[in-house]
Amino acid sequence: MPPPPNISHPGIMAIDITDQFTSAVGALSAGELVKDEHFTLFESVSGLEIMDRKMDSGALDEGESLDEEYDVTRSLLPEEIIGILDQLLCLEMAWHLGYPLSQTLLTSVYIDALMKPGFLDADDFTSIPSDLSMEALLPLVLRAYCYGLIKSCFIVNECMKEELYYEEEDFVTNTYERNFLGDTPVLAVKGLLQTALTELRAPREDFSQEIRAALESRIELRIAFLDAIDLSTIRNDTSELPKLPWKRMRHLIDAIEKQHALGKPVPEAFSTKLQRRLASTMPPRPMVSLSFDECITHFKRFFQNGNEVLDVLQYTGPHSLLNFVLMFQAQKPQPLVFIRTVLQNLLFKDMVVLGRFSVRQLLDHDVSLNVLPCGPHFDRSFDDVEVMTDPRHKLASGMEVFRHRVADQYFDLLRILCQNRCRVRRTLCHHIREWDALEADVGEIEGHLQAPLHEMEWIVQLGFELRVYQPDEFAGMYHYLKRLAALRARQIEQVKQTTTRREERARRHLNVQKDDSLPLDIAHEFSQSKQCQRMTMIDAACTWEFSDGLSLLYMALLRLGLVKPPPRPYGTGALRYELRMRPFARVPDPPLPTYEEFRQEVELSDVPVVDVLHIAEGAVGAARKGLEACVRLDQDQSFAINATAHSRWVSNAKDCLRATIATSVAISTLKHAYDRMIERFRDEGKEGEVDKCGKPEYADLLNLKIEIPEPGDGYHDWWIVPKLTRLK
Amino acid sequence: MNEAPTKAEAEAYIKSLINKTLRVHATDGRMFIGTFKCTDTDRNIVLSLTYEYRQPSQQKLAEAAAIAMSENSQTVKADMASRYLGLIVIPGEHIVKIEVEEFASQIKSRSIWERRDIYSSTR
């Protein structure tokens, strides 16, 4: 952005050409434009139209004054200070929810006043009157709060800009060229807040205990906030210490909620008119009005999530790390974008994983846990072997090449998982293609990180969560999910066998007798690997069985006319298949079946309805058994970082389990209704007319009502279970 | 150009102004300074890289006057409030005055040379 022109530079003169200009344009013919040849009309469309009230934030109404009508030095009641601070809290949350500062915090005349040049001189922080009467104390509290808020915004904004997020979709970092105390040390701001707090706590009789407590908790919140977001020190600290400010804020927000009624709103201290002084071509936009209750609800969750996200620092292994990220992000509602950014910061800032580990450590740990326990590949002493023909040198350099190739891909996946749900799905679609290029390269190292298949499953499952598919497509999409999960299970089976062979080899190598156990460290590494493989196997198997069951159920519903395809005058099954499978079509392995193959697999057109439901019942029952086993796994077995992560994991498994139970119920309801219908046909002597494979006309004879839950209404977002009820 | 110019003269004159810096004053008292890009017969003006300027508020003027009084100064100095807007279109009906910026060194006329700059500002 160019600096503002110096309008009173002595070397530049402004010459009035109003008359010449007016008569010259008068001579032009209608519709004629005189313009810079490089200037296109297309560009002019993006121009801001002056005096158009919808676009020009600077336009004034008739008789409206240019002056700021609000005097920031006016004296306020303590109740009014509380009112203003609570409104600021609402605006701050609105910003975190994704609205720009221009519509939130920058509508406050106090924030605006503090940002004016000249106000941010260092001595402002120390200029505290020695004799603090109430008249002097209240402005100090307000000013300290605002400075604390502005500095927090600065830190949040900087943190956001360093990580991956989607500008204007998740968050708006635009500061409209305002100075958010970027150069002021946090300590100075905290010092001012601390002074305000000390003064508030000093004995005085000019206002009530309640009011004083309300002001105190608000100032304390600002101090705790600044402590909480000091990530540079937090990421190196695995103790409980970094969690304290988040916990503190969680308590303070409860107090603030209760004290809110003491406040008295000062609506005139907030104005969208301030937008006309912001460096922006944005048309004027209304202030975002978040109710105080909503604001508090969001803050509670925000602080809770902030506390919990720090658990990631208690790294125990790559599998539990992935589980943590997956489960943390699957929360409904999803943690706020700033929390998701904090997670990214903790994970990768400066290529240091969780403040303690190198990229190599994490990658080696992952490969060793998943596929190569006790592999010589991770022996660091091999790095020093320089003889080119030495197998150790070959192994070490091979691993180095491997790490180089997969590192980006590996970390990208974690980063993708930190995004908003729609973006997770979309970016995974791109990510799986890149894995595949790698897969071909690193095939010689027996490890494949198994991510591609699992990622493909996630893409389909997120498609269900985000309601990408229509009910009549469910049968097909669950079937495809089944294919993917089945392939993954087969892959894990191979790895399991390799691991068993390697363990036997290790026994032979170390001369361990049949009934004796391996040395402790080696035994531990093998058992960890086997547990990890067992876990992924259960996961793949449950997905496989459950998706198979649901696919068959939806197929039966489709055949019986209970799920009807909407009219699609221009659509064909083949086109829709191409569209749905586009993300997977470019991945060579596993190859995508042709539409015709796929259709036959899904439709099973010669299998009678009764049999379809019978197979479905078996599959869902198997998934249910698997999930029942999952629910009972303890923290270590389930690869959970800590108790919170474990309970999140268990509750996810329980939701899946409930979904399987509901599916079984739906299947048996449908079976009974179908049997009753057949009986009626028999009673009427029309048994011979029954189409055993079902037809849409039967929908009316089944006497069933079908409901497909909306997003968030079902037991689990990935498993959409239809609800069937018998009509009277 | 006191008499009505011919179409060719008019076009040549406007073309000569293209890409010069114009100061366009609007009916509500604001002034826009930007690079002249385009106009039409309705006197709609497109400026790029535009800054908006506002006259100082009454309150600011009063403060400035007080300072001038205390310093025994003859002139009152107050900053105009400015902000960046970028590309704008000013409809002809809202324009009250148009000025072109020229380098003082390139202007021969003594009368213009002596004209005082009305915007007394340090920024």
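- Going by the annotation in an unreviewed UniProt entry, the name recorded for chain B is Sm domain-containing protein, with Xylaria multiplex given as the source organism.

- Labelled according to an unreviewed UniProt entry, chain A appears under the name Mak10 subunit, NatC N(Alpha)-terminal acetyltransferase, originating from Xylaria multiplex.
- Of the comments in the UniProt record for chain A, the one headed Subcellular location (unreviewed entry) reads "Cytoplasm".

**Regarding the domain arrangement of chain A**
Residues and elements named next belong to chain A.
Phase 1: Domain boundaries assigned for chain A yield domain 1 (78-314) and domain 2 (466-727).
Phase 2: For domain 1 versus domain 2, the distance between C-alpha centres works out to 48 Å.
Phase 3: Between domain 1 and domain 2, roughly 350 Å² of surface is buried when both sides are summed, and carbon and sulfur atoms account for 41% of that area.
Phase 4: Counting the surface domain 1 buries against domain 2, the share from its top three residues, Glu308, Asp311 and Gln314, is 90%.
Phase 5: Applying the counting criterion to the domain 1 and domain 2 interface returns one salt bridge.

**Here's the deal with the packing of helix α19 (residues 520-559) of chain A against helix α23 (residues 609-631) of chain A**
Residues and elements named next belong to chain A.
Phase 1: Following both chains from N to C, one finds α19 and α23 inclined at 150°, their axes separated by 8 Å at the closest point. Compared by their axis directions, α19 and α23 come out roughly antiparallel. The chirality of how α19 crosses α23 is left-handed. In this structure, α19 uses Ile538, Cys542, Glu545, Phe546, Asp548, Gly549, Leu552, Leu553, Ala556 and Arg559 to contact α23, whose residues at the interface are Val609, Val612, Leu613, Ile615, Ala616, Ala619, Val620, Ala622, Ala623, Gly626, Leu627 and Cys630.

**Focus on the packing of aromatic side chains**
Residue and element names in this part refer to chain A.
Phase 1: For the structure on display, the rule yields 28 aromatic pairs over all chains.
Phase 2: Geometrically, the ring pair formed by Tyr165 and Phe171 is edge-to-face, given 6.4 Å between the ring centres and 85° between the ring planes. The same class applies to Tyr165 and to Phe171, which are both buried.
Phase 3: A centroid spacing of 6.2 Å and a plane angle of 50° characterise the contact between Phe302 and Phe338, whose relative ring orientation is tilted. Of this pair, Phe302 sits in helix α11 (residues 292-309) while Phe338 sits in helix α13 (residues 337-348), and the two are 36 residues apart along the sequence.
Phase 4: What makes Phe338 buried here is its relative accessible area of 1%.
Phase 5: These aromatic residues form a ring-pair network of at least three members: Phe464, Tyr469, Phe474, Tyr478, Phe546, Tyr554 and Trp719.
Phase 6: Geometry around Tyr145 places Arg222 over its ring, the cationic atom sitting 5.2 Å from the centre.
Phase 7: The cationic tip of Arg222 hangs over the ring face of Phe225; the distance from NZ or CZ to the ring centre is 5.1 Å.

**Digging into the UniProt feature "domain: NAA35-like TPR repeats" (unreviewed entry) in chain A**
Phase 1: Taken from the UniProt record, the annotation "domain: NAA35-like TPR repeats" (unreviewed entry) applies to residues 309-447 and 453-609 of chain A.
Phase 2: Each end of residues 453-609 of chain A is marked by a C-alpha atom, and these two atoms are 31 Å apart; helix forms 71% of the span and strand 0%.

**Describing the nonpolar core**
All names here are of chain A.
Phase 1: Formed by 198 residues in total, the largest nonpolar core has its most connected members in Ile84, Leu88, Leu215, Ile219, Leu347 and Leu670.
Phase 2: It is helix α24 (residues 643-683) that contributes the most residues to this core, 16 residues altogether.
Phase 3: Here this core spans two domains, and each of domain 1 (78-314) and domain 2 (466-727) adds at least three residues to it.
Phase 4: Residues in contact with Ile84, not counting those within four places in the same chain, are Tyr70, Leu76, Tyr110, Leu142, Val266, Ala269 and Phe270.

**Quick notes on unusual backbone geometry**
Phase 1: That bond from Lys332 of chain A to Pro333 of chain A is cis: its omega, -10°, falls within 30 degrees of zero.
Phase 2: Secondary-structure assignment places Pro333 of chain A in the loop between α12 (318-329) and α13.
Phase 3: Positioned with a positive phi, Leu181 of chain A is a non-glycine residue whose angle comes to about 60°.
Phase 4: With respect to the element layout, Leu181 of chain A can be found in the loop between α6 (134-162) and α7 (186-201).
Phase 5: Phi is positive for Asn19 of chain B, which is not a glycine, with a value near 70°.
Phase 6: Relative accessible area serves as the criterion here: at 40%, Asn19 of chain B is assigned to the partly exposed category.

**Brief notes about the environment of Met477 of chain A**
Residues and elements named next belong to chain A.
Phase 1: Along the chain, Met477 turns up in helix α18 (residues 474-509).
Phase 2: Counting along the chain gives 342 residues from Met477 to Glu135, while the straight-line C-alpha distance between them is 68 Å.
Phase 3: When near neighbours in sequence (up to four residues on either side) are disregarded, Met477 contacts Val460, Phe464, Tyr469, Arg580 and Met581.

**What to know about the packing of α19 of chain A against α24 of chain A**
All names here are of chain A.
Phase 1: Where α19 meets α24, the axes come as close as 11 Å, and the angle between the chain directions of the two elements is 30°. As judged from the angle between their axes, α19 and α24 are roughly parallel. Between α19 and α24 lies a crossing whose hand is left-handed. Two secondary-structure elements touch here, α19 through Met535, Phe546, Leu550, Leu553, Ala556 and Leu557 and α24 through Trp649, Cys656, Ala659, Thr660, Thr663, Ala666, Ile667 and Leu670.
Phase 2: Split into classes, the residues belonging to the contact of α19 with α24 amount to 12 nonpolar, two polar and no charged.

**Brief notes about the pairing of strand β3 (residues 45-54) of chain B**
Phase 1: Buried residues dominate β3 of chain B, accounting for nine of its 10 residues.
Phase 2: Hairpin geometry of strand β2 (residues 31-40) of chain B and β3 of chain B is characterised by an intervening segment of four residues between the two adjacent antiparallel strands and by a positive phi of about 65° at Arg43 of chain B.

**Some thoughts on the pairing of strand β1 (residues 21-26) of chain B**
Residues and elements named next belong to chain B.
Phase 1: Burial analysis of β1 places five of its six residues in the buried class, which makes it a mostly covered element.
Phase 2: Two strands pair when backbone bridges link them, and β1 and β2 are joined in this way by five bridges, in the antiparallel orientation. Opposite His25, over in β2, you have Met31 as the bridge partner.
Phase 3: As consecutive antiparallel partners, β1 and β2 are separated by four residues, and within that stretch Gly29 has a phi angle of approximately 95°, a positive value.
Phase 4: Pairing of β1 with strand β5 (residues 95-103) involves five bridges; the strand directions are antiparallel. When the bridges of β5 are listed, Val24 appears paired with Ile98.

Conventions used here
- Residues numbered from 1 in each chain as written.
- Chains lettered and ligands numbered in written order.
- Predicted model: local features only at pLDDT ≥ 70, side-chain atom pairs only at ≥ 80, totals over all residues.
- Heavy atoms only, no water.
- UniProt positions renumbered as here; feature names shortened; annotations may be inferred.
- Domains from an automatic or database assignment.
- Buried area = accessible area lost by both parts, 1.4 Å probe.
- Salt bridge = Lys/Arg side-chain N within 4 Å of Asp/Glu carboxyl O.
- Axes fitted to C-alpha atoms, helices over the stretch in contact; angles between N-to-C directions.
- Helix = DSSP H or I, 4+ residues; strand = E, 2+ residues; numbered from the N terminus.
- Parallel < 35°, antiparallel > 145°, perpendicular 65-115°, else oblique.
- Left-handed = near helix turned anticlockwise from the far one by under 90°.
- Contact = heavy atoms within 4.5 Å.
- Phe/Tyr/Trp six-rings, centres within 6.5 Å; stacked < 30°, edge-to-face > 60°.
- Buried < 20%, exposed > 50% of the residue type's maximum accessible area, 1.4 Å probe, protein only.
- Lys NZ or Arg CZ within 6 Å of the ring centre and 35° of its normal.
- Core = buried A, V, L, I, M, F, W, Y, C linked by side-chain atoms within 4.5 Å.
- Nonpolar A, V, L, I, M, F, W, Y, C, P; charged D, E, K, R; others polar.
- Pairing = 2+ DSSP bridges.

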